[in-house]
Structures are given as structure tokens and as C-alpha cells.
Number of protein chains: 2
Amino acid sequence: MKKIDIFKKLRSSGLRPTKQRVEIAKFLFERDKTFHFTVESLDKLLAKKTTSKFALATIYNTVHAFKKAGHLSEVEVRGKKTYFDTNITNHHHFYDSETCELIDIDANDVVIQKIPKAPNGKKIKNVEVFINLKN
Amino acid sequence: MKKIDIFKKLRSSGLRPTKQRVEIAKFLFERDKTFHFTVESLDKLLAKKTTSKFALATIYNTVHAFKKAGHLSEVEVRGKKTYFDTNITNHHHFYDSETCELIDIDANDVVIQKIPKAPNGKKIKNVEVFINLKN
DNA sequence: TCCTAGTTTATAATTATTCTAAAGTAAAAA
DNA sequence: TTTTTACTTTAGAATAATTATAAACTAGGA
């Protein structure tokens with residue numbers, strides 16, 4: 001994804017293309033595979049891979065802005081830290097608790113034959129399948 | 001569940017039946033339906049429903065001891081607080097984000113036809129299905 | 001009854017995250 | 001282009017859930 005596209009992506013979601021947002025966006029979205037991270041891991045990676053400095057609060061702000069704009073999704077992981085995913089399509093996850101690592105599962109690789117219907121007046125927003133791994 | 005059974009339950013899992021543990025166990029397990037809670041909600045309920053006093057740390061300790069002994073399970077819910085469930089059988093959940101409420105789904109009410117196999121050298125520990133609700 | 005290991009307690013520490021207020025910057029208006 | 005304004009970034013403080021600590025307490029065996 002070129003810089004110009006990053007600009008468009010930000011603009012189209014009402015986010016000013018500031019220096020920090022562009023840098024973070026480039027880091028997150030200029031890759032082939034999907035990327036899973038926590039704010040902490042992103043902070044460390046940015047420190048290592050870029051020359052800019054980022055306040056932690058900026059990383060929180062930016063990541064949440066991207067999430068709100070639909071460029072990132074937040075993943076259901078039990079634990080303290082929040083995980084984000086650059087894959088915003090509907091999909092599922094393996095979780096390796098040994099390494100605290102998430103692995104994407106394509107929505108087509110999971111087929112659910114039967115689920116109960118939502119209770120009284122509620123509707124189903126989405127179904128997340130989470131497969132915990134062990135060694 | 002009678003008091004004597006609470007004692008047995010604790011004993012058999014290597015937990016001394018102290019005043020606090022017995023009180024908390026009675027509160028958690030002497031009920032027909034499964035019970036979902038956070039440490040915070042449990043603390044409030046104990047304060048309201050019992051005459052004893054409990055340090056917050058004791059509630060954390062006790063709940064984790066019960067979890068370790070297999071009397072409680074921890075539920076996959078995104079968010080800050082950890083949810084526990086007195087239903088320790090393999091089952092799934094609805095989650096109502098409006099009310100922050102969990103609802104059990106019997107394992108038999110979910111049939112998964114296809115899941116991918118675990119990656120390289122890993123095995124599947126368990127599969128959790130989480131159905132988010134909306135209004 | 002006495003002893004000892006396991007428990008409870010109040011409080012401090014930790015950790016992830018959010019808030020705040022001042023300084024900085026993008027981009028619209030003049 | 002300059003000015004203005006609203007949005008951003010920043011460092012550090014505040015918050016909230018949880019865990020650690022260390023002293024006082026207690027269950028249960030000797």
C-alpha cells in the first residue's frame with residue numbers, strides 16, 4: 001500500500017493524515033499477511049523499526065481511531081491486554097497460550113451447522129470461534 | 001448443595017474449608033442455575049447477602065483457588081474484567097454487550113461441522129463459540 | 001494444648017489503559 | 001500567504017483491575 005493510499009484511507013475515515021498516523025498506518029498496513037498486535041508490542045516494534053518517537057497515548061489514540069474507522073479489528077482474547085488484527089474481514093482465531101500468539105482462521109474454514117437462536121428480542125451480531133491450542 | 005458437600009468439595013480439591021471459602025462456596029454453588037460473575041459483582045453480592053466481611057484479596061484468592069480446583073471456569077470476554085462461570089462443563093456463551101451479561105449455551109446446541117486442523121505440532125485444547133448479541 | 005503451614009487481611013505495588021492540559025500542527029478561512 | 005481554528009501529540013497524572021506483601025489469624029495434626 002502506497003503512501004498516497006494511506007492518505008486516502010485516513011482521509012476517507014475522517015482522520016487527518018498526521019505524521020504519526022501515517023507512520024503507524026504504513027507500519028500496520030503495508031504488509032502482505034495480517035498482523036496481530038497489542039499496543040505494547042506495537043510500541044516496541046515502532047521504536048525498533050522507525051526513527052520517529054511516539055507517545056504511548058498516541059499509539060492508543062491512533063489504534064483506536066483506526067479501529068473506529070474500521071481499519072483494525074479488536075480480537076476476543078482473555079487476558080489483560082487487548083489484541084488488534086489488521087484483518088478486518090469476518091474470521092476466527094487460533095490462540096496459542098504458550099506463546100500468546102493469535103493465528104487467523106479464514107471464515108470459510110469454519111462451518112457451523114447449528115447455533116441457538118438469540119434470546120428474547122435480541123439479535124445475533126456475530127459469532128466468534130476461538131480455538132485454544134496446546135502442545 | 002449441603003454444607004457437608006461443600007466441605008467435601010473443598011477437601012477433595014486440597015482446599016482447607018475456612019470460614020470464607022465455605023461462605024463463598026455456599027453462595028456460588030448452592031443454586032440451581034449456573035451463575036456468572038466478576039470479582040466485583042461477587043464482592044457486592046457477598047456484602048449484601050452475607051453477614052461476613054471479605055477482603056477483596058480473599059475473593060480473588062478464593063475464586064482463583066476454585067478455578068484451579070476446577071469448580072469454576074473463566075469465560076472468554078473481551079474487556080477489563082474477568083468473568084467466571086459456575087458451569088464447568090464444556091459449553092458456549094451469548095454475550096449481551098448492552099447489559100454486559102453472559103448467557104450459557106449448552107454444548108449440544110452448537111454443532112460445528114468443520115474446523116481447520118491445528119498448526120504445526122500443536123493440538124486443539126478446546127473450541128469456544130462466542131455469540132455477540134445486539135438489540 | 002501447641003505448633004505449623006496455610007489463610008485472611010489491609011495496604012502497597014503493578015499493569016493496562018484513559019484522562020488532562022499544554023504545546024504543536026493540519027488545513028480551512030481570510 | 002498568513003491567520004485562525006480545530007484537531008493531535010505529548011508527558012505525565014489518574015484510574016481500575018489485579019497481584020504482591022507482610023503481619024495477624026486459624027485449621028488441624030502432633
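A short tour of the structure in this document, coming up. (Residues numbered from 1 in each chain as written. Chains lettered and ligands numbered in written order. Predicted model: local features only at pLDDT ≥ 70, side-chain atom pairs only at ≥ 80, totals over all residues. Heavy atoms only, no water.)

1. Some words on the interface of chain A and chain B
Line of reasoning, step 1. Taken together, the contact pairs 38 residues of chain A with 38 residues of chain B.
Line of reasoning, step 2. In this assembly, chain A and chain B are joined by four salt bridges.
Line of reasoning, step 3. The partner of Arg78 of chain B in a salt bridge is Glu76 of chain A, and the shortest N-O contact between them spans 3.8 Å.
Line of reasoning, step 4. Taken together, the links from chain A to chain B amount to 24 residue pairs in polar contact (both at pLDDT 80 or more). (Contact = heavy atoms within 4.5 Å. Salt bridge = Lys/Arg side-chain N within 4 Å of Asp/Glu carboxyl O. Polar contact = N/O pair within 3.5 Å; in protein donor to acceptor, adjacent residues only side chain to side chain.)

2. So, the protein's contact with DNA strand C
Line of reasoning, step 1. Taken together, 21 residues sit near DNA strand C, with Arg11 of chain A together with Thr18, Gln20, Arg21 and Thr58 of chain B positioned nearest.
Line of reasoning, step 2. Atoms of DNA strand C within 4 Å of the protein: sugar and phosphate make up 79%, bases the balance.
Line of reasoning, step 3. One nitrogen or oxygen atom from the side chain of Gln20 of chain B is found 2.7 Å from a sugar or linking oxygen belonging to DNA strand C.
Line of reasoning, step 4. Here a phosphate oxygen of DNA strand C sits 3.1 Å away from a polar atom, N or O, in the main chain of Lys53 of chain B.
Line of reasoning, step 5. For the surface near DNA strand C, the secondary structure elements donating two or more residues are α4 (56–68) of chain A together with α2 (19–29) and α4 (56–68) of chain B.
Line of reasoning, step 6. Ranked by residue count, the leading element in the surface near DNA strand C is α4 of chain A, at four residues.
Line of reasoning, step 7. When grouped by side-chain class, the residues that make up the surface near DNA strand C number seven nonpolar, six polar and eight charged. (Near = heavy atom within 4 Å. Helix = DSSP H or I, 4+ residues; strand = E, 2+ residues; numbered from the N terminus. Nonpolar A, V, L, I, M, F, W, Y, C, P; charged D, E, K, R; others polar.)

3. Brief notes about the packing of aromatic side chains
Line of reasoning, step 1. Enumeration according to the criterion identifies twelve aromatic pairs over all chains in this entry.
Line of reasoning, step 2. Seen in terms of ring centroids, Tyr83 of chain A and Tyr95 of chain A are 6.2 Å apart; in terms of plane orientation they differ by 85°. Their pairing is edge-to-face. Placement of the pair is Tyr83 of chain A in strand β3 (residues 83–85) and Tyr95 of chain A in strand β4 (residues 91–96), with a sequence separation of twelve residues.
Line of reasoning, step 3. For Tyr95 of chain A, a relative accessible area of 9% puts it in the buried group.
Line of reasoning, step 4. On the numbers, 5.6 Å between centres and 55° between planes, the contact of Phe29 of chain B with Phe66 of chain B is tilted. Of this pair, Phe29 of chain B sits in helix α2 while Phe66 of chain B sits in helix α4, and the two are 37 residues apart along the sequence.
Line of reasoning, step 5. By relative accessible area, Phe29 of chain B is classed as buried at 11%.
Line of reasoning, step 6. On the basis of relative accessible area, Phe66 of chain B is assigned to the buried category, the value being 0%.
Line of reasoning, step 7. Grouped by ring-pair contacts, the aromatic residues Phe27, Phe35, Phe37 and Phe84 of chain A constitute a single cluster.
Line of reasoning, step 8. The residue whose ring lies beneath Arg31 of chain A is Phe27 of chain A, and the NZ or CZ to ring-centre distance is 4.9 Å. (Phe/Tyr/Trp six-rings, centres within 6.5 Å; stacked < 30°, edge-to-face > 60°. Buried < 20%, exposed > 50% of the residue type's maximum accessible area, 1.4 Å probe, protein only. Lys NZ or Arg CZ within 6 Å of the ring centre and 35° of its normal.)

4. Concerning the protein's contact with DNA strand D
Line of reasoning, step 1. Near DNA strand D you find 20 residues, and of these Thr18, Gln20 and Thr58 of chain A together with Arg11 and Tyr60 of chain B are the closest.
Line of reasoning, step 2. Here, DNA strand D places atoms within 4 Å of the protein, and 78% of those atoms are sugar or phosphate.
Line of reasoning, step 3. In the environment of DNA strand D, a sugar or linking oxygen lies 3.3 Å from a nitrogen or oxygen atom belonging to the side chain of Arg16 of chain A.
Line of reasoning, step 4. A distance of 3.1 Å separates a phosphate oxygen of DNA strand D from a polar atom in the backbone of Lys53 of chain A.
Line of reasoning, step 5. Of all the elements in the fold, those that place two or more residues in the surface near DNA strand D are α2 (19–29) and α4 of chain A together with α4 of chain B.
Line of reasoning, step 6. A class-by-class count of the residues in the surface near DNA strand D yields six nonpolar, six polar and eight charged.

5. Here's the deal with the pattern of salt bridges
Line of reasoning, step 1. Scanning all chains against the criterion turns up ten salt bridges over all chains.
Line of reasoning, step 2. Through salt bridges with shared partners, one network takes in Glu40, Lys44 and Lys81 of chain A.

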